[in-house]
Amino acid sequence: MILLSCIILAGMSGCDTRFQAEDVLSQYVADLNRSQFMSVSSPAIVMPASLPSSRHRQQSLTQFDIGLLDFLSLQQCDVGIVAGRKNSILGKVMPDSQRFLYELDIIRAIESCDIKNESLSKELHLIAQQKRRELPMAFGNALFNGAESGVFFSLSNGFLPLNYSTAEQQELLNALNRLVVVGENLEDLPLVDANVFEGDLKILMDSEYAGRLLYSLVRVSSYLDLVASEIKTLDDDICGAPMVYLKQQFEVHYVKVIQPYMGRINRGAYQVLPLLNRLFSVSEPLSRDMHDFSDQFSLKESDSVWQRYQWASQNHARQWSALLTKCSVSIGGEL
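All of these numbers come straight from a predicted model, not from anything done at the bench. (Residues numbered from 1 in each chain as written. Predicted model: local features only at pLDDT ≥ 70, side-chain atom pairs only at ≥ 80, totals over all residues. Heavy atoms only, no water.)

Engineer: Whenever I open this one, the nonpolar core confuses me. Can you help?
Structural biologist: General note: in soluble globular proteins, nonpolar side chains tend to be found buried as a group. If you look at the biggest cluster of nonpolar residues, it comprises 98 residues, and the most contacted ones within it are Phe100, Phe139, Phe153, Tyr209, Phe297 and Trp320. Per-element accounting of this core gives the leading share, 17 residues, to helix H11 (residues 241-282). (Core = buried A, V, L, I, M, F, W, Y, C linked by side-chain atoms within 4.5 Å. Buried < 20%, exposed > 50% of the residue type's maximum accessible area, 1.4 Å probe, protein only. Helix = DSSP H or I, 4+ residues; strand = E, 2+ residues; numbered from the N terminus.)

Printed below as a string of structure tokens:
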């Protein structure tokens, strides 16, 4: 039976642990359908919006170029050193994470440099002001435009594991908290350890969390919606022996397996999503495509993936509760 399930799902997912939750949800529907009163189709695969392509999520930053004479006059302070780093061969192709750290350094260098040339001083301070305004975008580019974000938000990694536990995500929470501290203190030009910053981006990538969460929420919602819609149509004829069978499937599949899995998803999401949404907020203005993508994770927007999942969960519980009440059947555990 396990081998047959893997063959059936191979085209979509392959037989691996990334899609074990799909097997569980599918079996819930399959066993409900063994009742002559039930006919629940497996939900079509409707994917959430994926992370926009790089060109649709990267924000353009002002280029800082100085002439040779100005460059020579700035050798007495850090501006010349920092600018020289950016104008080097490697500096011209630095990744967004390094570009963000450079932006902090060049603003700090300009504002701390005692420039005797009045016109040059005025020009540089105007540049520093512009770069301060662009810091949130530079920070957003660092977070959301690198290879790390491509994996962190990827939908191809499948579901959160069935045995997912919040105990396993402390490293991710620590990284997100450190990044939030940086993002919410950009006006103070925080001193950011490059190794820690890059390490935190690597932690996000290794977790694959955001994409897995998004995928899990959408697929679980799809199954719950279909089951709830079918349960809602059942009338009093279901009461008696047919209801005994349906109650058994509800307990075996939903109460004992799916509901605990959803509980673990919820506990993790309530820890991560507030931090992720703060990172989206401090990176404003985001591109339109990136803004639409980030809205899926919103805890407040009524049409977000998270809110739709919450509604599907509540509606599924509500329809089962109404059916059990109609048939005067009690059940242990929460719905």
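Engineer: What is the right way to read the environment of Asp235 from this model?
Structural biologist: Structurally, Asp235 can be placed in the loop between helix H10 (209-233) and H11. Sequence separation between Asp235 and Phe37 is 198 residues, and the spatial gap between their C-alpha atoms is 9.7 Å. Of the polar contacts made by the side chain of Asp235, one reaches the backbone nitrogen of Asp237; its length is 3.0 Å. (Polar contact = N/O pair within 3.5 Å; in protein donor to acceptor, adjacent residues only side chain to side chain.)

Engineer: Would you mind going over the packing of aromatic side chains with me for this structure?
Structural biologist: The relative placement of two aromatic rings is captured by the distance of their centres and the angle of their planes. Applying the stated criterion to the full structure yields 19 aromatic pairs. By the ring-pair criterion, three or more aromatic residues cluster together here, those being Phe144, Phe152, Phe153, Phe280, Phe293 and Phe297. (Phe/Tyr/Trp six-rings, centres within 6.5 Å; stacked < 30°, edge-to-face > 60°.)

Engineer: Mind showing me how you'd approach the environment of Leu323 here?
Structural biologist: With respect to the helices, strands and loops of the structure, Leu323 is situated in helix H13 (residues 305-326). What makes Leu323 buried here is its relative accessible area of 2%. Residues Leu323 and Asp236 lie 87 residues apart in sequence; the distance between their C-alpha atoms is 8.9 Å. If sequence neighbours within four positions are ignored, Leu323 has contacts with Ile231, Leu234, Ile238 and Met243. (Contact = heavy atoms within 4.5 Å.)

Engineer: Can you walk me through the pattern of salt bridges in this structure?
Structural biologist: When charged atoms on two side chains of opposite charge get close, those side chains can pair. Applying the stated rule across the entire model yields ten salt bridges. Between Arg132 and Glu111 there is a salt bridge, with the nearest N and O atoms lying 2.8 Å from each other. Highlighted residues: Arg132 in helix H6 (residues 118-144) and Glu111 in helix H5 (residues 96-112), separated in sequence by 21 residues. The class of Glu111 is partly exposed, set by a relative accessible area of 37%. Close ionic contact of Glu184 with Arg278 constitutes a salt bridge, the shortest N to O distance being 2.9 Å. One end of the pair, Glu184, is in the loop between helix H8 (170-183) and helix H9 (194-207); the other, Arg278, is in helix H11, with 94 residues separating them in the sequence. Judged by relative accessible area, which is 41%, Glu184 ranks as partly exposed. Given the relative accessible area of 37%, Arg278 is considered partly exposed. Each of the salt bridges in this network shares a partner with another, and the network as a whole consists of Arg99, Glu103 and Lys131. (Salt bridge = Lys/Arg side-chain N within 4 Å of Asp/Glu carboxyl O.)

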